[in-house]
Amino acid sequence: MKRFFLLLGGILFLSLPANAQFNSNPVLNIENKDKKLLNYGYFLGFNRYGFKFDYKQDRGNQGTDIQVLESTGFNVGLIGELRLNEFLDVRFEPGLYYNARTLGFPGFTATEEGERDAITEVKSTYINFPVLLKVGMRRFGNFKPFLVAGPSASLNLGSNEKSLDDNSSGTFRMKKWTYNYELGFGIDFYLEYFKFTPSIRGVFGLTDEIIRDNAPNSPWTGNIESMKTRGLFINFTFE
């Protein structure tokens with residue numbers, strides 16, 4: 001995931017001087033697009049969610065940590081943007097994010113029953129509510145790079161928060177609401193009729209999401225100090 005982040009960032013920003021060199025006097029598309037007080041759009045994209053675990057006790061070596069197998073999910077949502085000045089905008093980007101993660105818990109026997117208890121699939125459907133500050137550079141022809149950062153709150157529709165069952169019954173429970181901060185970058189491309197924006201953003205959970213099992217010494221949650229989301233969003237925006 002980190003390599004992909006760096007690779008995409010390098011491709012995007014290395015393309016800037018090349019574009020400027022071969023298009024020194026381009027025909028400007030939708031010149032007044034960013035001068036509006038309010039702008040609207042939508043986005044489509046992909047995500048990869050993981051977890052960062054902290055433990056109550058030293059487990060001795062990395063091999064006994066909880067293992068997280070990430071997968072690629074999808075995103076879709078809307079955009080509302082308030083212009084502050086030429087370089088600053090406030091964005092509200094409510095969206096639906098679907099993903100599934102597989103957790104491997106240590107300490108179970110190598111039997112069929114033990115292997116079944118050790119593996120848990122966590123399917124999550126989040127409604128994410130970020131409020132972001134977009135800091136743009138000066139427009140170069142028909143593109144404009146930017147940085148974006150801000151807080152977000154996520155509603156997990158598959159949290160099982162109110163379930164009385166726990167991992168001993170095959171139910172992994174998480175808190176319904178979680179809080180994060182997000183940080184990323186992208187480039188606005190001004191096409192003939194609309195603005196197209198690829199962007200990449202990291203998501204870092206601020207709050208503990210796990211609901212512990214009923215038994216204090218549960219082999220699944222007994223040694224977990226905190227479990228926080230880590231994620232990567234790749235969005236393609238149309239405005």
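Residues numbered from 1 in each chain as written. Predicted model: local features only at pLDDT ≥ 70, side-chain atom pairs only at ≥ 80, totals over all residues. Heavy atoms only, no water.

Remarks on the overall build of the protein
What counts is decided by this rule: Here a helix means four or more residues in a row that DSSP labels H or I, a strand means two or more in a row labelled E, and each is numbered from the N terminus. Burial classes follow relative accessibility: with a 1.4 Å probe on protein chains only, a residue under 20% of its type's maximum area counts as buried, one over 50% as exposed, and anything between as partly exposed. Here, two residues are considered to be in contact whenever any of their heavy atoms come within 4.5 Å of each other. Surface exposure here means Shrake-Rupley accessible area, sampled with a 1.4 Å probe, where a residue is shielded only by the protein chains that are shown.
A count of helices and strands for the protein gives two helices and 10 strands. When the helices and strands of the protein are listed from N to C terminus, the series reads α-β-β-β-β-β-α-β-β-β-β-β. Relative to its 239 residues, the protein shows a buried fraction of 42%. Long-range contacts, defined as pairs at least 24 residues apart, comprise 71% of the intrachain contacts of the protein with a sequence gap of at least 6. When the accessible surface of the protein is split by element, carbon and sulfur atoms take 61% of a total near 12900 Å².

Describing the packing of aromatic side chains
Rules: For this analysis, a ring pair means two rings from Phe, Tyr or Trp (six-membered ring only for Trp) whose centres lie within 6.5 Å, classed as stacked if their planes differ by under 30 degrees, edge-to-face if by over 60, and tilted for the remaining angles.
Going through the model one piece at a time under the given rule, you end up with 14 aromatic pairs. Judged by centre distance (6.1 Å) and plane angle (45°), the ring pair of F194 and F238 falls under tilted. Taken together, the residues F194 in the loop between β8 (177-190) and β9 (195-205) and F238 in strand β10 (residues 224-238) connect sequence positions 44 residues apart. Among the residues examined, F194 registers a relative accessible area of 33% and is labelled partly exposed. An aromatic cluster is present here, built from Y42, F194, F196, F236 and F238 joined pairwise through their rings.

Quick look at a nonpolar patch on the surface
Defined as follows: Note on patches: the residues involved have over 30% relative accessible area and no salt bridge, like charges join within 9 Å, and the nonpolar side chains Val, Leu, Ile, Met, Phe, Trp and Tyr join within 5 Å. Salt bridges, as used here, are contacts in which a Lys or Arg side-chain nitrogen is within 4 Å of a carboxyl oxygen on Asp or Glu.
Together, L37, L38, Y40, L82, L84, L133, V135 and L147 give the surface a local cluster of nonpolar side chains, amounting to about 750 Å² of exposed area. At the level of elements, β1 (38-55) and β6 (119-136) are the ones that each hand at least two residues to the nonpolar patch.

Observations regarding the confidence of the model for the protein
This is how the line gets drawn: For every residue, the predictor states its confidence as a pLDDT score lying anywhere from 0 to 100.
Per-residue pLDDT for the protein has a mean of 85; in total, 84% of the residues score no lower than 70. When the criterion is pLDDT under 50, residues 14-22 qualifies, and its contacts beyond four places in sequence or with other chains add up to five contacts.

Some details on empty space enclosed by the protein
Take a probe with the size of a water molecule and roll it over the atoms, and the empty space left behind shows itself. How we decide: Only protein atoms enter the 1 Å grid, on which a cavity is a set of points fitting a 1.4 Å probe that cannot get out and a pocket is an open set with protein on both sides within 12 Å along at least 5 of 7 lines, lining residues being those with an atom within 4 Å of a point. Grid points are joined across faces, edges and corners, and a volume is the space filled by probe spheres set on the points. Here the nonpolar group is Ala, Val, Leu, Ile, Met, Phe, Trp, Tyr, Cys and Pro; Asp, Glu, Lys and Arg are the charged ones; every other residue, Gly included, is treated as polar.
Applying the stated criterion across every chain yields a total of two cavities of 30 Å³ or more. The volume enclosed by the largest cavity comes to roughly 90 Å³. Considering the residues around the largest cavity, the lining is formed by R91, E93, L132, K134, F146, V148, T197, S199, R201, N235 and T237. Listing elements by their share of the lining of the largest cavity, those giving two or more residues are β6, β7 (143-156), β9 and β10. In terms of residue count, the dominant contributor to the lining of the largest cavity is β9 (three residues). Grouping the constituent residues of the lining of the largest cavity by class yields three nonpolar, four polar and four charged. In this structure, the second largest cavity encloses a volume near 50 Å³. Residue lining of the second largest cavity: D34, K36, N39, E81, R83, N85, E86, D89 and K144, and that is the complete set. Of the residues assigned to the lining of the second largest cavity, the class counts are no nonpolar, two polar and seven charged.

Overview of the nonpolar core
The condition that has to hold: Nonpolar cores were defined as sets of buried Ala, Val, Leu, Ile, Met, Phe, Trp, Tyr and Cys residues, with membership established by side-chain atoms within 4.5 Å.
Residues F53, L103, F172, M174 and M227 are the most contacted members of the largest nonpolar core, which totals 19 residues. At four residues, the largest contribution of residues to this core is made by β1. The contacts of F172, once residues within four sequence positions are left out, are L103, F105, T120, V122, S159, N160, N167, I210 and M227.

Points about the pattern of salt bridges
Overall, the coordinates contain 14 salt bridges when judged by the stated rule. Across the pair R201 and E93 runs a salt bridge whose closest N-O atoms are separated by 3.4 Å. Taken as a pair, R201 in strand β9 and E93 in the loop between β4 (88-92) and β5 (95-104) lie far apart in primary sequence, 108 residues in all. The class for R201 is buried, based on a relative accessible area of 3%. Note that D208 is salt-bridged to R212, the shortest N-O span being 2.9 Å. Classification of D208 by relative accessible area gives buried; the value is 18%. The class of R212 is partly exposed, set by a relative accessible area of 28%. Counted as one network, the salt bridges with shared partners bring together D34, E81, R91, E93, K134, K144, E182, D188, K195, R201 and E239.

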